[in-house]
Each structure stands twice: as C-alpha cells, then as structure tokens.
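Here's the letter readout for the chains.
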Amino acid sequence: MSKPADTDDPGTAGSRPDEPGFETLCTHFGEDRAASFGAAAPPIVQTSTFVYPTAEAFGQRGDPDTPFWDYTRVGNPTTALLEAKLARLERGEWALAFASGMGAITAALQGCLASGDHVVCVASCYAPTRWYLDEVLTRFGVGVTYVDSVDAEGFLAALQPRTRLVYLESPTSGVFHVLDVPALTAALAPRGVLTVLDNSWASPCFQNPLELGCDLVLHSATKYIGGHSDVVAGIVVGRDREIERRVRRQAELAGACLDPFAAWLLVRGLRTLALRMAQHQTSGLAVARMLAGHPGVLAVHHPGLDSHAGHELARRQLRGYAGLFSFALVDQSPEAARRFLNRLRLFSIGVSWGGHESLAIEMPRPAGSDGARLIRLHCGLETTSDLVADVREALL
Ligand SMILES: *Cc1c(COP(=O)(O)O)cnc(C)c1O
C-alpha cells in the first residue's frame, strides 16, 4: 500500500451527472483492494512505526514526496483511506482525522489563530467548543464575541479589525437555528476572515459547507460518520494548502491522532452513512410531526418542519434532515421533563447522538437563560412507528 497522492481530484460527490454518487464513493473511493490481497474490507494497519528499506530511504524522512510511511501520529494508511474518503465526500482537497471531535476543533482553531486575533462564534454552539474558547484560547490572548443571530448582519456587526475567524454551526446545537451560510461567507471572504463550520449534525450526506463558501468543515465523527456508538473521533476538511500545512503541523504536535482501528471503524461506518441518514431523517420527521400536533407540546425545534423559522433556508442549504432535534413541553416544570424522560422505553437517557440507538436528554439551560426548558431527542435506527409510539406514550 503506497501513500495516497494528494492530487486526488476532489470533484463533487454526486452532484453532476458524470460524477459517482455519494453511496458509490463511500463504497469505492480511495480503496486499493489489489494492494491488500484483494480483500473487500481494507486492512487495519495497526502499527505505531514503519520501517525503511535502507538508510538512504530513511534519509528522505520528512520530505513530503517520500513514498514511505513513518510514524502513526503523523500518518497511517488506514487513517489516510478515511481522510481521502472524507475529503472527497465533503468536496475538499484534504482531510485530517483526530482522536475526537474536540481534537479536530482545537487543532483547527490553534492552527489558524495567533495571540491578538479575534473570533466571532455562534452563541448556541456545542458547549465544550465555547468552554475551549473561553477557558483556553482567551488565556493565549485570543478574543471572542458570541453572536445570537441567524442572519449575516448580526455576525458582520460583531467583526473587529483583528477578527481572523468566524465559527459556525448550522443547524446550531440545542435550538437548531439555520444560518444563512452563503450570505455570510460571501461577505467574509473578501475581508480575509476564515469561516469554519461544525457539520456534525448534517454529516457530509446532507450538507457540504465548503460548497457554501466555508474554509474549513469540522465533524465529530463520533456521531453520524461512526454511527454505531463505538468510536470517538473527529475530522477537519479544507481546500487551502497553507491552512492544511498549519492544521497538520498542529495535529502532529498536539498529538490527538486517530488510532488506526478507530479509523477502520469509521470507514466501515461510511459504507452505510447514506442509508442510515435516510432512516434517521424519516424517524426524526415522524416524531417531530407527531410532537408538533400534540396538545402537551409547546414548541418543536426541527428545521424540517414548515413551522421552523429557518425552514426555507434549510431547504436551500441542506439535502436532508438528521434525526436530532429538540422540543419544549407545555408543562415547564422540571418534574414534567423528568417524568417524560423516565417514561420512555426505547429512547435511553444519555448524551451524544448519531448512533443506531435513540437517545433523550433534558438540555442544560445556559446560565441566566429564560428560554423554555428543552428536551433533545435523537431518533436512532429502530422502527419509525415504534419510536413515534414510544414518545407519544411518554407524553401521556
Ligand atoms: C459531540 C460534538 C462535538 C465534539 O465531538 P467529540 O467527538 O465528542 O469530541 C463537536 N460538535 C458537535 C456539534 C457535537 O455534537
């Protein structure tokens, strides 16, 4: 197995008639089966180090054009297969895999930022991302402004002369606001401000942020890409080679590299990503629609519902809807939320999402928030009618 050339045509994943479709790319792209005994499943190259055939070959160490693998923290063939597939599926030029979503997020930010820089971040982002910005990056002289807005103007108003990067999620965590990503990237690019988007919710199956003008795409691959609740991992995808160099260097030195077996599990997860996303979408919409028509429910935050404020934008930017959304009960007492959660039989109580199993939690409310108490549901791969019945019965 040789190192993949990084000149692989990124192309587009199934958007043009002459392009292989998303599922075909998940099955075949980047595979070199002849190089591994014709095995249909790729080998797991479970090694820390690689040996060189000669001292002269070792002398080429560090040369980007060397055909030799060196050390798994810096690169590994199993991980490289995953990275090649994700670069292609996200329509990027390169991808880097990490030991967790947070490993990907922190490497991307540290690779792009320096002391004195300023970041504008969507207020309802994944909470640990916010903790990292507030508790770590601010200690290194990076300023942060949070924006609680869905339109481009709100973000543009927060820009400062030293703003280097705008950090987005769309839909956002918790409340599932849809941001006008193309309007924002069109305004930011001419100012030299990088746009980074956490695409864990949509997965590359339903949204490609690079095509919407973003500079970097982040994933918690723990969620839909893995899909089986058995691996923790993260991904960064981009196009610009200078940014790649900096994020790759950060990755090597900070060391949150993905284990080859975990990379193999993610390649395996990708085989069924499109099938799984279709099922998550069907069940998520069915449960959300039932909730929206239920007298005990105050509000449902699902971008696929006509009633959602961002529905029209979602229809333009997304190719489908994931199985994760939130809702509020009419009875806003903590007892009502707990009674609902305890009455669920198929939905288990637990964090994370994106796996085969349905999960529910009460969302932590930000300090000082006077918003409604939200319950978050992840609709897994169980039979749709069973999930709808489970939620309906828990509301009684
Ligand atoms: C879970 C999650 C992360 C963090 O990923 P880990 O793999 O848990 O480190 C980042 N962003 C979003 C939106 C998430 O849901």
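What counts and how
- Residue positions are given per chain, counting from 1 as you read along its sequence in written order.
- Where local features are concerned, this predicted model is filtered to residues with pLDDT of at least 70; where side-chain atom pairs are given and counted, the filter is 80 or more; whole-chain, interface and lining totals use all residues.
- Based on all heavy atoms of the structure, the side-chain values leave hydrogens and waters out of the count.
- Boundary definitions for the domains trace back to an automatic or database domain assignment.
- Any pair of residues with heavy atoms lying within 4.5 Å of one another is described as a contacting pair.
- Summed over both partners, the accessible surface that disappears when two parts come together, traced with a 1.4 Å probe, is what is meant by buried area.
- Throughout this description, the term salt bridge denotes a Lys or Arg side-chain nitrogen within 4 Å of a carboxyl oxygen of Asp or Glu.
- Whenever a nitrogen or oxygen atom comes within 3.5 Å of another N or O atom, the pair is scored as a polar contact, on the condition that within protein one atom can donate a hydrogen and the other can accept it, and that pairs from neighbouring residues in sequence are kept only if both atoms are in side chains.
- Secondary structure elements are defined from DSSP: runs of H or I of at least 4 residues count as helices, runs of E of at least 2 residues count as strands, and each element is numbered from the N terminus.
- Note on classification: 1.4 Å probe, protein chains only; a residue is buried when its accessible area is under 20% of the maximum for its type, exposed when over 50%, partly exposed between these limits.
- Given the number of residues in a helix, its expected span is that number minus one, multiplied by 1.5 Å.
- It is the directions from the helix axis to the C-beta atoms whose arc is reported.
- One heavy atom suffices: a residue is near a molecule or strand as soon as one of its heavy atoms comes within 4 Å of it.
- Only Asp, Glu, Lys and Arg are considered charged, only Ala, Val, Leu, Ile, Met, Phe, Trp, Tyr, Cys and Pro nonpolar, and every remaining residue, Gly among them, polar.

## Let's talk about the domain arrangement of the protein
Thinking step 1. We note that the domain assignment places domain 1 (22-270) and domain 2 (273-394) within the protein.
Thinking step 2. On a C-alpha basis, the centroid separation for the pair domain 1 and domain 2 is 27 Å.
Thinking step 3. Each partner contributes residues to the interface: domain 1 has 33 residues there, and domain 2 has 32 residues.
Thinking step 4. Together domain 1 and domain 2 conceal approximately 2700 Å² of surface at their shared face, both sides included; 63% is due to carbon and sulfur atoms.
Thinking step 5. Per-residue buried area on domain 1 facing domain 2 is highest for Trp201, Phe206 and Tyr224; these three make up 32% of the total on that side.
Thinking step 6. Between the two partners, domain 1 and domain 2, sit zero salt bridges.
Thinking step 7. Linking domain 1 with domain 2 are 18 residue pairs in polar contact (both at pLDDT 80 or more).

## Considering unusual backbone geometry
Leaving glycine aside, a negative phi is the common case for residues, and trans is the common case for peptide bonds.
Thinking step 1. Residue proline 171 is reached from serine 170 by a cis peptide bond, and omega for that bond is -5°.
Thinking step 2. Following the sequence through the fold, proline 171 ends up in the loop between strand 4 (163-169) and helix 7 (181-188).
Thinking step 3. A positive phi angle, close to 60°, is found at phenylalanine 37, a residue other than glycine.
Thinking step 4. Along the chain, phenylalanine 37 turns up in the loop between helix 1 (22-28) and helix 2 (55-59).

## Some thoughts on the environment of arginine 73
Thinking step 1. By the secondary structure assignment, arginine 73 is in the loop between helix 2 and helix 3 (77-89).
Thinking step 2. In the structure, arginine 73 is positioned 179 residues away from glutamate 252 in sequence and 6.2 Å away in space, judged by C-alpha atoms.
Thinking step 3. Dropping the residues within four chain positions of it, arginine 73 is found in contact with Glu252, Gly255 and Cys257.
Thinking step 4. A distance of 2.7 Å separates the side chain of arginine 73 from the backbone oxygen of glutamate 252, its partner in a polar contact.

## A closer look at the side chain of histidine 118
Thinking step 1. One can find histidine 118 in strand 2 (residues 118-122).
Thinking step 2. What makes histidine 118 buried here is its relative accessible area of 3%.
Thinking step 3. Within polar-contact distance, the side chain of histidine 118 engages the side chain of threonine 163 at 2.7 Å.
Thinking step 4. Histidine 118 has contacts with Gly143, Val144, Thr145, Ala158, Gln160, Arg162, Thr163, Arg164 and Leu165, leaving out every residue within four places of it along the chain.

## Concerning helix 14 (residues 384-395)
Thinking step 1. The end-to-end C-alpha separation of helix 14 is 17 Å, in line with the 16 Å expected for 12 residues at 1.5 Å each.
Thinking step 2. Among the residues of helix 14, those classed as buried are Thr384, Leu387, Val388, Asp390, Val391, Ala394 and Leu395. Across the axial projection of helix 14, the buried residues extend over an arc of 160°, all falling on one side.
Thinking step 3. Where helix 14 is buried, its residues contact helix 11 (273-292), strand 8 (297-301), strand 9 (324-329), helix 13 (334-343) and strand 12 (374-378).

## Let's talk about the site of the ligand
Thinking step 1. Among the 13 residues in the neighbourhood of the ligand, the closest are listed as Gly101, Met102, Asp198, Thr222 and Lys223.
Thinking step 2. Glycine 101 has a polar backbone atom sitting 2.8 Å from an oxygen atom of the ligand.
Thinking step 3. In this structure, an oxygen atom belonging to the ligand sits 3.4 Å away from a side-chain N or O atom of tryptophan 353.
Thinking step 4. The element best represented in the shell around the ligand is helix 4 (residues 101-112), accounting for three residues.
Thinking step 5. Of the residues contributing to the shell around the ligand, the split by class is five nonpolar, six polar and two charged.

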